[in-house]
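So you can see what is in the structure, the chains are spelled out below.
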Amino acid sequence: MDSSEFYGFCQSRSSVREYDDEPLTKEEIDYILSCAGSAPSAGNLEAWDVVVVTDEETRSALAEAAFSQVHVEHAPVIFVVCSNYVRSMSRYGERGILYGLEDATIACTYMMLAAHAKNLQSCWTGAFDDDDVREVLGLPPHIRPVSLLAVGKGHAPTQHTERMSIGEHVHRETW
Ligand SMILES: Cc1cc2nc3c(=O)[nH]c(=O)nc-3n(C[C@H](O)[C@H](O)[C@H](O)COP(=O)(O)O)c2cc1C
C-alpha cells in the first residue's frame with residue numbers, strides 16, 4: 001500500500017450502526033485479533049485484553065449497558081476492549097493508568113482498521129455504564145472496559161461525517 005492508498009483507506013472508513021444478519025467468519029475474527037496483537041504499547045507490556053462476544057443474549061445485555069444503543073445488540077460481534085491495569089501499573093505505578101488506557105485505545109484502533117481492511121463495518125462505542133458491562137462479562141476489578149467495538153457486515157454510508165479543518169487542531173512549535 002502506498003501513501004495515497006493509505007490516505008484513501010483512512011478517508012473511506014465511517015462508523016456504521018446497521019448490519020446484515022450474516023455473522024463474521026472465524027477467519028475474519030482471528031484477522032482482527034491478530035492485527036490488534038501488533039499494536040504498540042507502553043514498555044511493550046500490552047496492557048489490554050478483549051472479550052469477544054457473539055452470544056445474542058450477552059449482546060443484548062451489553063446494549064442495555066450501553067444505554068440501549070441497538071447497534072450493540074444487532075452487530076454479530078462485539079469486541080469489548082479493556083485496559084489491564086495490573087500489567088501497566090506493575091511497572092509504571094500511577095502513570096500506568098494512563099498507559100493502560102492508551103494501550104487499549106490503540107489496540108481498539110487497530111481492530112477498527114482491521115475490520116475496515118476486511119470490508120467490514122464497525123462502530124466504536126464508548127457510551128456505556130462501566131459497572132453494568134463489568135457485571136455482564138464478569139470482569140475482574142483490575143480490568144476496565146474501554147470500548148465496545150461493534151463489527152458486522154453492511155453498507156458503507158455514501159456520505160462521511162464532517163471534520164474540523166486540520167488547522168484547528170495543529171499548533172506549530174508552541175501552543
Ligand atoms: C471514544 C469514542 C466513543 C464513541 N462512542 C460512541 C457511542 O457510544 N455510540 C455511537 O454510536 N458512536 C460512538 N462513537 C463513534 C463516533 O460517533 C464517530 O466516530 C464520529 O461521529 C465520527 O464519525 P465516523 O466514525 O463515521 O468518521 C465513538 C467514537 C469514539 C472514538
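Read on for an overview of the structure. Everything numeric here is computed off the predicted structure, so don't read it as measured data.

What to know about helix H7 (residues 130-137)
N-capping of H7 is provided by Asp129, with a side-chain oxygen placed 3.0 Å from the backbone N of Asp131. Just past H7, the residue Gly138 takes up positive phi, approximately 65°.

Some points on the site of the ligand
Ser15, Arg17, Gln69, Gly126 and Arg163 are the nearest of the 13 residues found near the ligand. Between the ligand and Arg13 there is a distance of 3.1 Å, counted from an oxygen atom to a side-chain nitrogen or oxygen. In this structure, Gly126 approaches the ligand through a main-chain N or O atom, which is 2.9 Å from a nitrogen atom. Summarising the interface, the protein chains cover 62% of the accessible area of the ligand, which totals 620 Å² for the free molecule. Sort the elements by how many residues they give to the shell around the ligand and strand S3 (residues 121-125) lands first, with 3 residues. Across the shell around the ligand, the residue classes break down as 3 nonpolar, 7 polar and 3 charged.

A short note on unusual backbone geometry
Non-glycine residue Asn44 carries a positive phi angle of around 55°. Position of Asn44 relative to the elements: it lies in the loop between helix H2 (26-36) and strand S1 (48-53). The exposed category is assigned to Asn44, whose relative accessible area is 57%. One non-glycine residue, Glu173, lies in positive phi territory at about 70°. Mapped onto the elements, Glu173 comes out in the segment after strand S4 (143-152).

Considering the side chain of Thr58
In this structure, Thr58 sits in helix H3 (residues 56-65). Within polar-contact distance, the side chain of Thr58 engages the side chain of Asp55 at 2.8 Å. Aside from chain neighbours lying at most four places away, what touches Thr58 is Val53, Val136 and Leu137.

Points about the packing of aromatic side chains
In total, this model carries 1 aromatic pair according to the counting rule given. Judged by centre distance (4.9 Å) and plane angle (90°), the rings of Tyr92 and Tyr99 are edge-to-face. Residue Tyr99 is classed as partly exposed on the basis of its relative accessible area of 22%.

Here is what the cut-offs are and how they apply
- Residues numbered from 1 in each chain as written.
- Predicted model: local features only at pLDDT ≥ 70, side-chain atom pairs only at ≥ 80, totals over all residues.
- Heavy atoms only, no water.
- Polar contact = N/O pair within 3.5 Å; in protein donor to acceptor, adjacent residues only side chain to side chain.
- Helix = DSSP H or I, 4+ residues; strand = E, 2+ residues; numbered from the N terminus.
- Near = heavy atom within 4 Å.
- Areas by Shrake-Rupley, 256 points an atom, 1.4 Å probe, with all protein chains shown as cover.
- Nonpolar A, V, L, I, M, F, W, Y, C, P; charged D, E, K, R; others polar.
- Buried < 20%, exposed > 50% of the residue type's maximum accessible area, 1.4 Å probe, protein only.
- Contact = heavy atoms within 4.5 Å.
- Phe/Tyr/Trp six-rings, centres within 6.5 Å; stacked < 30°, edge-to-face > 60°.

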